[in-house]
Every structure is written in C-alpha cells, then in structure tokens.
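# Overview (structure and organization)
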Amino acid sequence: MKYRTIGTGPNRREVSVLALGAMLFGSVTDEKTSFALLDRYVEAGGNFVDTSDNYAFWTDGGQGGQSEELLGRWRRSRGAGDEIVVATKLGARPLAPGTSYTDNPEGLSAKVIRESAERSRERLGMERLDLLYAHIDDHTVPQRETVEGFGALVAEGMVGLLGVSNQAVWRVERARALAAAAGLPGYEVLQYQHSYLRPRTDVPDDLFPDGSLGHAGAELAGYLRAEPALTLVAYSPLLKGAYARPERLPGDYDHPGTPARRAVLREVARETGATPGQVVLAWQIGHDLPILPLAGVSSLAQLEENLAAVDLELSAEQRARLDAAH
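What this report covers is the structure whose coordinates are included nearby. (Residues numbered from 1 in each chain as written. Predicted model: local features only at pLDDT ≥ 70, side-chain atom pairs only at ≥ 80, totals over all residues. Heavy atoms only, no water.)

With that settled, the discussion passes to the overall build of the chain. Helices and strands together make up the secondary structure of the chain, namely ten helices and ten strands. Here the chain has a C-alpha radius of gyration of 19 Å; the compact-globule value for 326 residues is 20 Å, and the two agree. For the chain, the proportion of its 326 residues judged to be buried stands at 54%. When contacts within the chain are restricted to residue pairs at least 6 apart in sequence, long-range pairs at least 24 apart make up 75% of them. Each charge sign in the chain was given a centre, from 34 positive and 44 negative side chains, and these centres are 2 Å apart. (Helix = DSSP H or I, 4+ residues; strand = E, 2+ residues; numbered from the N terminus. Rg over C-alpha atoms; globule rule 2.2 N^0.38 Å. Buried < 20%, exposed > 50% of the residue type's maximum accessible area, 1.4 Å probe, protein only. Contact = heavy atoms within 4.5 Å. Lys, Arg positive; Asp, Glu negative; His and termini not counted. Charge placed at Lys NZ, Arg CZ, Asp CG, Glu CD.)

Below is the structure:
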C-alpha cells in the first residue's frame, strides 16, 4: 500500500491512497460480506474508510445510518482504533422517512452540525470523528454559521479534519476565507465525483438545477493547483462498474469526447496487462494533482482488482496519451 497526507497542522493524517467506500455496507451488502471486505482492505494496508450519516436511506425508505452502524460494530469487534481513519458526512440526511436530501435535508445549521456529529460518533463508536464533510450545500443558513459550527467541533476535539462535497468552488473558497478570517479551521479535503471519462456538467437534476456541481472539473482542478494543501477524494472513480460493463455508463457521459478517451484507455490497459478500471485508479493515484480514489466494492474479487491498481505504474508516455485524448 502507498500513503498520502491529508490535512495540515496537528490533525493531519496519513491515509492509504485507495479509500474504501462503505456506502452500501449494512444494507445492500450484508454484514458478513462487509466485515470480510473491511478485514481484507485493512490486511492489505488500507486505512481510509468513507461513509455518511444518510447511507443508505434509499434502500429502505428510511433516514440512513446503516453504514455507520455497521462500521461501529466492525470497529468494536476488531478492536479498531485510531489506525483506521473513518470519514463521514452530514447535511444530506432526510429529516423524515420517505423523504430525500433534495426535498427535506437536515442541512448545515450549527444545531444540526452538532447534533448530527454526535449521532455519527455514537453510531461509529468514536470519541473523535477523523474527517467530517459537509455533504451538500445549504443556502438557507448563513455560511458563517456553518463555518463556525464545524470549527467549534474541531476546537472541542470532537472532529479532526473538515471536508466539503458537492458544492460550487466559489462557495468552498468563501467558506475557507470566512474560517481563515475568524481563526477557525476550514475545509481541507474536497470530495467530488471524478473519473477518467468526463461527464457533461450542464445537465440539470433535482439537486443542481443549473448543472452538476458534484463533478471535479477544470475549475476544481485549477483550485487544487492554487491551493496545494487541499486534497481531492474522488468518489465513483469506476462509474459504478461502467468500465467493465459499458451499458452502465450514465447518460451524461454520452457525448463525442467519450469514445476517444475509452479507446486510449483500452490501449493502455492492453499494454499494461491491467483492466481499464485498474488503469483509471492508477491514473488518479499517480496524478500530478493530489487525488485519492474512493471506490466502493461488493465482493472480494472487486476489492482485489482495485488493490492491485495501487502498484500499477503508468509510464509518462502512457499518461500523456491518456491526458491528451478528447
């Protein structure tokens, strides 16, 4: 396994370059399988596990919490401590069963931040949350209140590092500026969808009526270059299995640039003897930007394939070809 530092200051952590997504653990993925996946990941040197307080509310029409609860049971049964870095999120938990984060989210008020973080600590069985993200934005609350709410948890030792996901880059920068001006810790880890294939970002949906803010595009890349202390955690790097099963490719990837990038990806996969998915993960891990792929798995075979990508070295020429395709 290889490792990278996330965050700055005394709360920075060394985490494995491949993060394990636990979104469906305890719901779609049963407990026995989930425990086996976590055990194998840790055995291979992995130490960076990702969840959220709303995972996976859509599987049973509830409010989520199954993933955090399972991770809490696994941590207790294995005697896991600070060596395993657990990241969780708040802000997108539905306030009532049968609702969603698009119509009834918990939001990012100071009250919600504190109460939701407390519930996550209890479910996970952790005195301190290693990394806590603002899962989605909340325009109904003054941003200063959100910043101060998160900062207070760090000051009290309830949270180590702060992160943000699925927000406009200008909102992230504004929050970080507010935190800096107030002498508070700010967001240091950015979690956005990022893969080798590029989606259209102008397609509106219920959460983003003006087009997606959840994908890491050119603006976010430029932000990372300007702020080298930040880290991008790339969720859905394998596009839910679409590199192995093209029929799974989401519709916003259906545009003229996709075939050219797929063709180069297949070429490099043949040259390296790797799968296209492994090439994607290796491309991210070895990127000149600080990118940590966050991949969810439902079987040991999938996990083994992803773990093997950590040691896959792409040549400079292969990287140049991959980057140039459009």
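It is worth spelling out the layout of surface pockets at this point. In this structure, the second largest pocket encloses a volume near 460 Å³. Taken together, 24 residues line the second largest pocket, and the ones lying closest to its centre are Ile136, Asp137, Asp138, His139 and Leu207. Of the residues belonging to the lining of the second largest pocket, the class tally is eight nonpolar, ten polar and six charged. (1 Å grid on protein atoms, 1.4 Å probe; cavity = no way out; pocket = protein on both sides within 12 Å on 5 of 7 lines; lining within 4 Å. Points joined across faces, edges and corners; volume = space filled by probe spheres on them. Nonpolar A, V, L, I, M, F, W, Y, C, P; charged D, E, K, R; others polar.)

The biggest cluster of nonpolar side chains holds 92 residues, and the ones touching the most others in it are Phe48, Phe150, Leu190, Tyr196, Val279 and Leu322. Top element by residues in this core is helix 8 (residues 276-285). It accounts for six residues. Residue contacts for Leu190: discarding those within four places in its chain leaves Val164, Val172, Leu220, Tyr223, Leu224, Leu230, Thr231, Leu232 and Val233. (Core = buried A, V, L, I, M, F, W, Y, C linked by side-chain atoms within 4.5 Å.)

Before going further, it helps to spend a moment on the packing of helix 1 (residues 31-43) against helix 9 (residues 300-309). Axis separation between helix 1 and helix 9 bottoms out at 10 Å; the angle between their running directions is 20°. Considering their axes alone, helix 1 and helix 9 lie roughly parallel with respect to each other. You can see that helix 1 and helix 9 cross each other, and the crossing is right-handed. Residues Ala36, Leu37, Arg40 and Tyr41 of helix 1 touch helix 9, and the partners they reach there are Leu300, Leu303, Glu304 and Leu307. (Axes fitted to C-alpha atoms, helices over the stretch in contact; angles between N-to-C directions. Parallel < 35°, antiparallel > 145°, perpendicular 65-115°, else oblique. Left-handed = near helix turned anticlockwise from the far one by under 90°.)

Applying the stated rule across the entire model yields five aromatic pairs. Judged by centre distance (6.1 Å) and plane angle (70°), the rings of Phe150 and Tyr187 are edge-to-face. Of the two residues, Phe150 sits in helix 4 (residues 143-155) while Tyr187 sits in the loop between helix 5 (169-181) and strand 8 (189-193), which places them 37 residues apart along the sequence. Residue classification places Phe150 among the buried positions, given a relative accessible area of 1%. (Phe/Tyr/Trp six-rings, centres within 6.5 Å; stacked < 30°, edge-to-face > 60°.)

On to the pattern of salt bridges. Here the structure, examined in full by the defined rule, presents 19 salt bridges. Residue Glu31 is joined to Arg73 by a salt bridge in which the shortest nitrogen-to-oxygen separation is 2.8 Å. Taken together, the residues span a long stretch of sequence, with Glu31 in helix 1 and Arg73 in helix 2 (residues 66-78) at a distance of 42 residues. Given a relative accessible area of 33%, Arg73 falls into the partly exposed group. Close ionic contact of Arg245 with Glu247 constitutes a salt bridge, the shortest N to O distance being 3.1 Å. Judged by relative accessible area, Arg245 falls into the partly exposed class, the value being 40%. Salt bridges here are not isolated pairs; linked through shared partners, they connect Glu267, Glu271, Glu317 and Arg321. (Salt bridge = Lys/Arg side-chain N within 4 Å of Asp/Glu carboxyl O.)

For the rest of this paragraph, the subject is the sheet that holds strand 7 (residues 159-165). Here eight strands make up a closed barrel; going around it, the order is 3-4-5-6-7-8-9-10 and the pairing parallel. Within this sheet the neighbouring strands show an average axis-to-axis angle of 30°, counted without direction. Packing against the sheet, helix 3 (residues 110-124) makes contact with strand 5 (85-90) and strand 6 (129-134), and its axis sits at approximately 140° to strand 5. (Pairing = 2+ DSSP bridges.)

With that out of the way, let us pick up the side chain of Glu106. Inspection of the secondary structure puts Glu106 in the loop between strand 5 and helix 3. A polar side-chain atom of Glu106 sits 2.8 Å from a polar atom in the side chain of Ser116. When neighbours within four sequence positions are excluded, Glu106 is seen to be in contact with Asp53, Leu90, Gly91, Ala92, Arg93, Leu95, Val112, Ser116 and Arg119. (Polar contact = N/O pair within 3.5 Å; in protein donor to acceptor, adjacent residues only side chain to side chain.)

The next point concerns the side chain of Ser195. Along the chain, the position of Ser195 falls in the loop between strand 8 and helix 6 (218-226). On the basis of relative accessibility, which here comes to 5%, the residue Ser195 falls in the buried class. Within the local environment of Ser195, its side chain forms a polar contact with the backbone oxygen of Pro237, the two atoms lying 2.5 Å apart. Within the local environment of Ser195, its side chain forms a polar contact with the side chain of Tyr243, the two groups lying 2.6 Å apart. Once you skip the residues sitting within four places of it in the chain, Ser195 turns out to touch Ser236, Pro237, Leu239, Tyr243, Val280, Trp283 and Gln284.

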